[in-house]
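Structural overview for review
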Amino acid sequence: MGSVVSGWWERVKARRLASTLLVVATLALGIGIGTVISFGVKAKAMNTADATPLSIPSPQQLSSAFSRIAQQIEPTVVNINTESTIRPQPRRKRNAPRTPDGDDPFQDFFDRFFGSPQGPSDGPGGEGSE
C-alpha cells in the first residue's frame, strides 16, 4: 500500500511541476509578445489650440435651473404600484410523522383555526364546546 501511495504522490508532484512550468512559460511568452508589439506604438500630440474649454456653471445657476424645471413639472401625477406573488408553503401530509415523540402542538393550533380535513375540533373554542 505504501508504494502505491508514494507512486501516486510522485505523479501528482510531477504534474504539478509540469503545470507550473506551463503557466510560467505562457506568461513569459505573453509578456514578450506584448513588449514587441508595444515597441512600435508611439503617442501623437494633438493640437488643442482650436478646442473650446468647457464652462461649468456655478452651483447657484444649477440650483435655479433645477427649480425652474421642477416648477414646470410640478402638476405631474406619479403612481407607483408594486405587486408580489405570495407562494403558499407546502403543507405536510396528514400521514407524515409529526415529531419524534409523535406530538406537534402547533399543528393542533393551525387545525383549529384554519380548518382540518376532519372538520372543526370539539375542544375548547370548537363547535361542540358549551
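Residues numbered from 1 in each chain as written. Predicted model: local features only at pLDDT ≥ 70, side-chain atom pairs only at ≥ 80, totals over all residues. Heavy atoms only, no water.

Before going further, it helps to examine the overall build of the chain. Tallying secondary structure elements over the chain gives three helices and zero strands in all. The linear arrangement of helices and strands in the chain, starting from the amino end, is α-α-α. By the burial criterion, 4% of the 130 residues in the chain qualify as buried. (Helix = DSSP H or I, 4+ residues; strand = E, 2+ residues; numbered from the N terminus. Buried < 20%, exposed > 50% of the residue type's maximum accessible area, 1.4 Å probe, protein only.)

So, on to the confidence of the model for the chain. Confidence in the prediction for the chain averages 75 pLDDT; 73% of positions are at 70 or higher. The spread of mean pLDDT over the elements of the chain runs between helix α3 (residues 105–114), the lowest at 76, and helix α2 (residues 59–73), the highest at 86. Of the regions scoring below 50 in pLDDT, residues 126–130 engages in six contacts with residues more than four places distant in sequence or in other chains. (pLDDT = per-residue confidence, 0-100. Contact = heavy atoms within 4.5 Å.)

A few words now on a nonpolar patch on the surface. There is a patch of nonpolar side chains on the surface, built from F106, F109, F110, F113 and F114 and spanning about 600 Å² of accessible area. With respect to the helices and strands, F113 occurs in helix α3. Using a relative accessible area of 53% as the deciding quantity, one classes F113 as exposed. (Patch = residues over 30% accessible without salt bridge, like charges linked within 9 Å, V, L, I, M, F, W, Y side chains within 5 Å. Areas by Shrake-Rupley, 256 points an atom, 1.4 Å probe, with all protein chains shown as cover. Salt bridge = Lys/Arg side-chain N within 4 Å of Asp/Glu carboxyl O.)

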